Amino acid sequence: MIELYRVNKEYSNGQTALKDISLHIPMGQMVFLIGESGAGKSTLLKILYKAEEFSSGRVLIGRVDISRLVDYSPLRRKIGLIFQDSSLLPQLNVFDNVAYILRAQGASEREIQYRVEGALNVVGLLDRSKDMTQHLSGGERQRVGIARAIVTNPPILLADEPTGNLDPVNSLKIFQLFREINEKLKMTMIIATHDPRVHQLKKRIIQLGNSQIIMDTEPSELPMFRSLTAV
Ligand SMILES: Nc1ncnc2c1ncn2[C@@H]1O[C@H](COP(=O)(O)OP(=O)(O)O)[C@@H](O)[C@H]1O
Ligand SMILES: [Mg+2]
């Protein structure tokens with residue numbers, strides 16, 4: 001569960017990035033965070049993964065007030081991150097890129113095998129395990145980035161413009177993959193994007209505009225709205 005209460009963020013140069021943001025994202029929910037460039041999407045995600053402090057308000061992740069944390073590492077272990085550029089390690093093949101964090105954490109080879117194969121299977125790249133990442137297309141590279149983010153099975157997945165480098169067809173496929181992952185693995189997900197086509201995916205959409213929430217729609221609200229207007 002992710003909860004924000006009246007969160008404000010002003011950068012040290014005086015630039016306001018978030019104004020009075022309150023929202024509640026239940027466990028396992030998938031949310032698209034949309035809005036034009038500069039609306040505050042990245043800032044909101046950075047606050048959640050503790051790359052930026054907020055100026056006022058309260059943020060709770062799994063009932064823990066994150067401003068009170070002294071050690072951020074348990075929180076960071078709960079969060080898988082995906083960015084526009086998945087920054088894969090060019091000297092490693094697909095399998096080893098996904099295995100990297102597990103090896104760093106000292107997991108056994110047997111566990112690594114099981115988890116990496118599981119993650120690559122979810123993103124549809126199990127048969128590319130031995131390929132070097134520079135031989136993959138942009139969409140495939142981003143799938144490796146997603147496998148790497150889910151391989152530790154974090155309860156929360158945050159993605160900042162994950163399709164920023166992809167063409168429209170591949171972007172939609174990546175959004176559909178996120179939806180499949182959400183349905184299969186039940187991770188809580190926030191996906192920031194300026195692609196308005198995410199409306200097609202029928203998930204909750206929170207729109208930021210000028211540092212504020214200007215729309216928050218659950219897909220279940222849409223038929224209700226239609227039936228009301230039909231009366
Ligand atoms: N490190 C920073 N220092 C000062 N201002 C920033 C910084 N990062 C972002 N901003 C400003 O905060 C606002 C929100 O930015 P951002 O969260 O990156 O929006 P988005 O991800 O929706 O494009 C913008 O006006 C941006 O210029
Ligand atoms: Mg951004």
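Details of the structure are given in the entry above.
The following refers to the structure shown. Because the structure is predicted, anything quoted here is derived from the model rather than measured.

## Here's the deal with the side chain of N97
Argument step 1. Counting through the fold element by element, N97 comes out in helix α3 (residues 94–104).
Argument step 2. With near-sequence residues (within four places) excluded, N97 lies in contact with L88, L89, L92, T133, V144 and R148.

## Considering the packing of α3 against helix α4 (residues 109–122)
How two helices sit against one another is set out by the angle between their axes and by the gap between those axes.
Argument step 1. Packing of α3 against α4 brings their axes to within 9 Å, and their N-to-C directions diverge by 125°. Considered as vectors, α3 and α4 are oriented oblique to each other. Of the two elements, α3 crosses α4, and the hand of that crossing is right-handed. Only E109, I112, Q113, R115, V116, E117, A119 and L120 of α4 make contact with α3, whose side of the interface consists of V94, F95, V98, A99, L102 and R103.

## Looking at the packing of aromatic side chains
Argument step 1. A complete count under the given rule lists two aromatic pairs for this structure.
Argument step 2. The interplanar angle of 90° and the centroid separation of 5.5 Å between the aromatic rings of F32 and F175 together place this pair among those described as edge-to-face. Of this pair, F32 sits in strand β3 (residues 30–34) while F175 sits in helix α6 (residues 168–185); the two residues are 143 residues apart in sequence, bridging distant segments of the chain. Neither F32 nor F175 differs from the other in exposure class; each is buried.
Argument step 3. The ring of Y11 carries the charged tip of K9 above its face, separated from the ring centre by 4.6 Å.

What counts, and at which threshold
Residues numbered from 1 in each chain as written. Chains lettered and ligands numbered in written order. Predicted model: local features only at pLDDT ≥ 70, side-chain atom pairs only at ≥ 80, totals over all residues. Heavy atoms only, no water. Helix = DSSP H or I, 4+ residues; strand = E, 2+ residues; numbered from the N terminus. Contact = heavy atoms within 4.5 Å. Axes fitted to C-alpha atoms, helices over the stretch in contact; angles between N-to-C directions. Parallel < 35°, antiparallel > 145°, perpendicular 65-115°, else oblique. Left-handed = near helix turned anticlockwise from the far one by under 90°. Phe/Tyr/Trp six-rings, centres within 6.5 Å; stacked < 30°, edge-to-face > 60°. Buried < 20%, exposed > 50% of the residue type's maximum accessible area, 1.4 Å probe, protein only. Lys NZ or Arg CZ within 6 Å of the ring centre and 35° of its normal.

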